[in-house]
Amino acid sequence: MSHEQGGEGGEEYLFKIVLIGDSAVGKSNLLSRFARNEFDTNSKATIGVEFQTQVVDIEGKEIKAQIWDTAGQERFRAVTSAYYRGAVGALIVYDITRRMSFDSIKRWLDELSMHCDTTVARILVGNKCDLEDIREVSVEEGKGLAEEQGLFFMETSALDATNVQTAFEVVIREIYDNMSKKIL
Ligand code: GDP
Ligand code: MG
């Protein structure tokens, strides 16, 4: 997290947030929905790390949320430590229609805790909630795991935009609150 004095508006904040979770759970589409309000049906996982910066306003402060997407590294379980370095927030994503991706969450949480300290703001995200007919993971199971692990929780759909904005904002808000506590 960096914090610098800006021009007229006072402080500027830059929060690094990472998206993690199994391949094809919808991480890239969550990001494009949040940052550009777009959904991309052809999933081409480019190799290499990418991020997008989105400016949000909290209590009149300009927050730059720099959101990192694995862009395919996770397919080989080869997310680098550079990816995690300096992250103060994380969205840990599974696909509600694929139980395997839910079973992987604990491994992703372990990996996150190896690279980031315990104050990292975390939300568990069950994506593709538009696909109710082929759901494999219940809302209760998602909530239960989140409670057990001390995470925020939300089901989202990058396809129809359900809760996408909110999921990112919950993390940004939590980072902001954590930071305020440290400063005050
Ligand atoms: P990533 O590998 O985690 O980045 O996943 P992608 O964003 O590339 O998405 C993988 C596939 O799931 C693509 O075919 C997307 O079109 C599809 N997808 C992503 N999000 C949703 C969603 O919310 N609902 C539905 N129905 N499909 C989704
Ligand atoms: Mg992707």
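This one's a predicted model, so the numbers in the text were calculated from it and none came from an experiment.

**Student:** Got a minute to help me understand the nonpolar core in this structure?
**Tutor:** Across soluble globular proteins, nonpolar side chains have a tendency to be buried as a group. Ranked by size, the top nonpolar core spans 48 residues in total, and within it I17, L19, L91, I92, I123 and V171 carry the most contacts. Tallying contributions element by element places helix α6 (residues 164-183) first for this core, with 8 residues.

**Student:** What exactly am I supposed to notice about unusual backbone geometry here?
**Tutor:** Outside of glycine, negative phi angles account for most residues, and trans bonds account for most peptide bonds. In this structure, N37 is a non-glycine residue whose phi angle is positive, near 55°. As for its placement among the helices and strands, N37 is situated in the loop between α1 (27-36) and β3 (50-58). A positive phi angle is found at K128, which is not glycine, with a value near 75°. According to the C-beta neighbour criterion, K128 is buried, with 25 such atoms within 10 Å.

**Student:** Before we go on, may I ask you to explain the environment of Q165 in this structure?
**Tutor:** Its location among the elements puts Q165 in helix α6. Residue classification places Q165 among the partly exposed residues on the basis of 14 C-beta atoms within 10 Å. Along the sequence, Q165 and F34 sit 131 residues apart, while their C-alpha atoms lie 5.8 Å from each other.

**Student:** How should the pairing of strand β4 (residues 61-69) be read in this particular structure?
**Tutor:** Remember that side chains alternate between the two faces of the sheet whenever the strand is regular. As defined by bridge partners, β3 adjoins β4 across 9 bridges and the pair is classed as antiparallel. For F51, the partnering residue across the bridge sits in β4 and is W68. What sits between β3 and β4 in their antiparallel hairpin is a turn of 2 residues, with E59 showing a positive phi close to 45°.

Criteria and cut-off values
- Residues numbered from 1 in each chain as written.
- Chains lettered and ligands numbered in written order.
- Predicted model: local features only at pLDDT ≥ 70, side-chain atom pairs only at ≥ 80, totals over all residues.
- Core = buried A, V, L, I, M, F, W, Y, C linked by C-beta atoms within 7 Å.
- Buried ≥ 20, exposed ≤ 12 C-beta atoms within 10 Å, placed from the backbone.
- Helix = DSSP H or I, 4+ residues; strand = E, 2+ residues; numbered from the N terminus.
- Pairing = 2+ DSSP bridges.

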